[in-house]
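The residues making up each chain are set out below.
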Amino acid sequence: MPDNISEARECRSAVLHNSPVERPYAKTRPLSLDTLRLDPPGTDEVLVKIVAAGLCHSDLSVMNGDRPRPTPMALGHEAAGIVAECGPGVKNLAVGDHVIMVFMPSCGHCAPCAEGRAALCEPGAVSNNKGELLGGGVRMHIGDEAVFHHVGVSAFSEYAVVSARSVVKIDKDLPLDKAAVFGCAVLTGMGAVVNTAGVRPGQSVAIVGLGGVGLSGLLGALAAGAADVIAVDVDDSKLEFAKELGATATVNSRDEDAVDRIKAMTGGGVHSAVETAGVGPAFDFAYNITRRGGQTVTASLANPSVNLAIQQVRIVGEERTIRGSYLGGGVPSRDIPRYIALYKRGRLPVDRLITSSGPLDDINAAFDLLAEGKTIRHIIRMD
Ligand SMILES: [Zn+2]
Ligand SMILES: [Zn+2]
């Protein structure tokens, strides 16, 4: 809670002024810690005091140019905080509520929203692509210059004005540093497994790419009762970590016999392969270890220049399914409380994915750790 609201309207925030930027970020410092002026929350908007925010590869993708976005943009999309002020018309949220930020606002009224497909919300996609809030325009400024919002959230900031449609209220007994990872890593990874792949007890699942999203998917597959949960990556230290988390087998996809080994251990391939690495070869690998009749899910955001070469006749003759999964293919306000319930019962230990933390001032160096695979989830603590 802010001591006074006017203090909240001036806050420090990590702003990207240009992209792409080369590494090491500790030296090139793509994110500058600027003092922003925030507008008061508009209709159906809230001011949130950010308590903790996670570093995600989707932030890196904006910094390295894989996802071109307008600048200057305040980054950060995985976070949890406390409602500090409500704009006009806000229902079901009050000052003091604990919330998790969601990186795609869903209007609740468009055709995809009506079908329960929040990830495809049409006004949400338009505002996110423009770097604006769902209600249109921006609420952050440096002097007279507009600062764009990252997917309606901009969480590497002491405060953020967001649409009430960009948050999910949670119980206050979950520590907010742990809560943050539910907003992207858990929502995306767990959802790809249980919503998009629809994993059933006893099935075989492979997770290709072991970052925060992939490892959340791995924990999700275990929680969902998959018999075989095979972790795949090119980094042996991540494979080792996946084993500690409960993977039933680990495979380095660079090994020559990697595909054959997975086929041998699963009777011809996995029921579902979930790719979270964001590169073409990872998807190819996931496709090739999927059994006949199985499904290959991609939940990563590859560079737009990446195209896939897939034999059409195999899709038909082997009745294969390829599915994309965004926002975990579900409804955040329904799914996040379910995932938190599993966490509280010890069946989805996603706090183990938080491998480092630090203050906002160290954010550039922390992004080096993420880019180099030296941390799974790094949490920025705002106080
Ligand atoms: Zn993310
Ligand atoms: Zn909508």
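All values reported here derive from a predicted model rather than from experimental measurement.

Visitor: Got a minute to help me understand the overall build of the protein chain in this structure?
Guide: Scanning the protein chain from N- to C-terminus turns up 14 helices and 18 strands. Here the C-alpha atoms of the protein chain give a radius of gyration of 20 Å, agreeing with the 21 Å that 2.2 N^0.38 yields for 383 residues. Each of the three principal axes of the protein chain carries a C-alpha extent, and together these read 65 × 45 × 40 Å. For the protein chain, with 383 residues in total, the buried portion stands at 51%. Across the protein chain, every contact between residues at least 6 apart in sequence was considered, and the portion connecting residues at least 24 apart equals 70%.

Visitor: Just checking my understanding: could you explain the sheet that holds strand E4 (residues 73-74) for this structure?
Guide: Sheets are built from strands that pair by backbone hydrogen bonding, the pairs being arranged parallel or antiparallel. Ordered in space as E1-E2-E7-E8-E4, the five strands form a closed barrel in which the pairing is mixed. Sheet analysis places strand E2 (residues 31-38) next to strand E7 (residues 140-142), joined by two bridges and oriented antiparallel. Across the sheet, Arg37 pairs through a bridge with His141, a residue of E7.

Visitor: Got a minute to help me understand helix H8 (residues 212-223) in this structure?
Guide: In an α-helix, one full turn covers 3.6 residues, which means residues spaced three or four apart are oriented alike. With 12 residues, H8 should reach 16 Å at 1.5 Å per residue; the first-to-last C-alpha distance of 16 Å fits that figure. Counting buried positions over the 12 residues of H8 gives 11, a clear majority of the element. Residues Gly212, Val213, Gly214, Leu215, Ser216, Gly217, Leu218, Leu219, Gly220, Ala221 and Ala223 constitute the buried set of H8.

Visitor: Can you help me understand the sheet that holds strand E16 (residues 321-324) in this one?
Guide: With parallel pairing, the six strands of this open sheet are ordered in space as E13-E12-E11-E14-E15-E16. Each having just a single partner strand, strand E13 (249-252) and E16 make up the two edges of the open sheet. The mean angle between the axes of side-by-side strands here comes to 20°, regardless of whether they run parallel or antiparallel. Two elements, strand E15 (residues 290-298) and E16, share four bridges in a ladder whose sense is parallel. Bridge assignment links Gln295 to a residue of E16, and that residue is Thr321.

Visitor: I'm lost on the nonpolar core in this one. Help?
Guide: Note on soluble globular proteins: their nonpolar side chains tend to be buried together. Counting residues in each nonpolar core, the largest one holds 120 residues, and the members touching the most others are Val48 and Ala206. Excluding residues within four positions of it along the chain, Ala206 makes contact with Ile230, Val232, Ile262, Val270, Ala273, Ala286 and Ile289.

Visitor: What should I look at first to understand the domain arrangement of the protein chain in this one?
Guide: Frequently, the measure chosen for interface size is the accessible area that the parts lose on association. The domains assigned to the protein chain are domain 1 (5-183 + 349-381) and domain 2 (186-328). Here the C-alpha centre of domain 2 lies 28 Å away from the C-alpha centre of domain 1. Taken together, the contact pairs 19 residues of domain 1 with 15 residues of domain 2. Tallying contributions element by element places helix H3 (residues 57-63) first for the side of domain 1 that touches domain 2, with three residues. Of the residues assigned to the side of domain 1 that touches domain 2, the class counts are 10 nonpolar, five polar and four charged.

Visitor: Got a minute to help me understand unusual backbone geometry in this structure?
Guide: Both trends apply: most residues other than glycine have a negative phi, and most peptide bonds are in trans. Note the cis peptide between Ser19 and Pro20, where omega equals 0°. Here the bond from Arg23 into Pro24 is cis, since omega is 5°, no more than 30 degrees from zero. Of note, Pro24 is situated in the loop between strand E1 (10-16) and helix H2 (25-28). Not every positive phi belongs to a glycine, and Asn92 is a case in point at roughly 70°. Here Asn92 lies in the loop between strand E5 (78-86) and strand E6 (98-101). For Glu319, which is not a glycine, the phi torsion comes out positive at approximately 45°.

Visitor: Quick question: what am I supposed to make of the pairing of strand E12 (residues 228-233) here?
Guide: Two faces make up the sheet, and in a regular strand the side chains alternate between them. In terms of burial, E12 is a largely internal element, five of the six residues being buried. Sheet topology note: the strand E11 (residues 204-208)/E12 ladder contains five bridges and is parallel. Across the sheet, the residue bridging to Ala206 is Ile230, located in E12. Two strands pair when backbone bridges link them, and E12 and E13 are joined in this way by four bridges, in the parallel orientation. By the bridge assignment for E13, Ile230 is matched with Ala249. Viewed along the sheet, the connection from E12 through helix H9 (residues 236-245) into E13 turns out right-handed.

The rules behind each value
Residues numbered from 1 in each chain as written. Chains lettered and ligands numbered in written order. Predicted model: local features only at pLDDT ≥ 70, side-chain atom pairs only at ≥ 80, totals over all residues. Helix = DSSP H or I, 4+ residues; strand = E, 2+ residues; numbered from the N terminus. Rg over C-alpha atoms; globule rule 2.2 N^0.38 Å. Buried ≥ 20, exposed ≤ 12 C-beta atoms within 10 Å, placed from the backbone. Contact = placed C-beta atoms within 7 Å. Pairing = 2+ DSSP bridges. Expected span 1.5 Å × (residues − 1). Axes fitted to C-alpha atoms, helices over the stretch in contact; angles between N-to-C directions. Core = buried A, V, L, I, M, F, W, Y, C linked by C-beta atoms within 7 Å. Domains from an automatic or database assignment. Nonpolar A, V, L, I, M, F, W, Y, C, P; charged D, E, K, R; others polar. Right-handed = clockwise from strand over helix to strand, strands pointing away.

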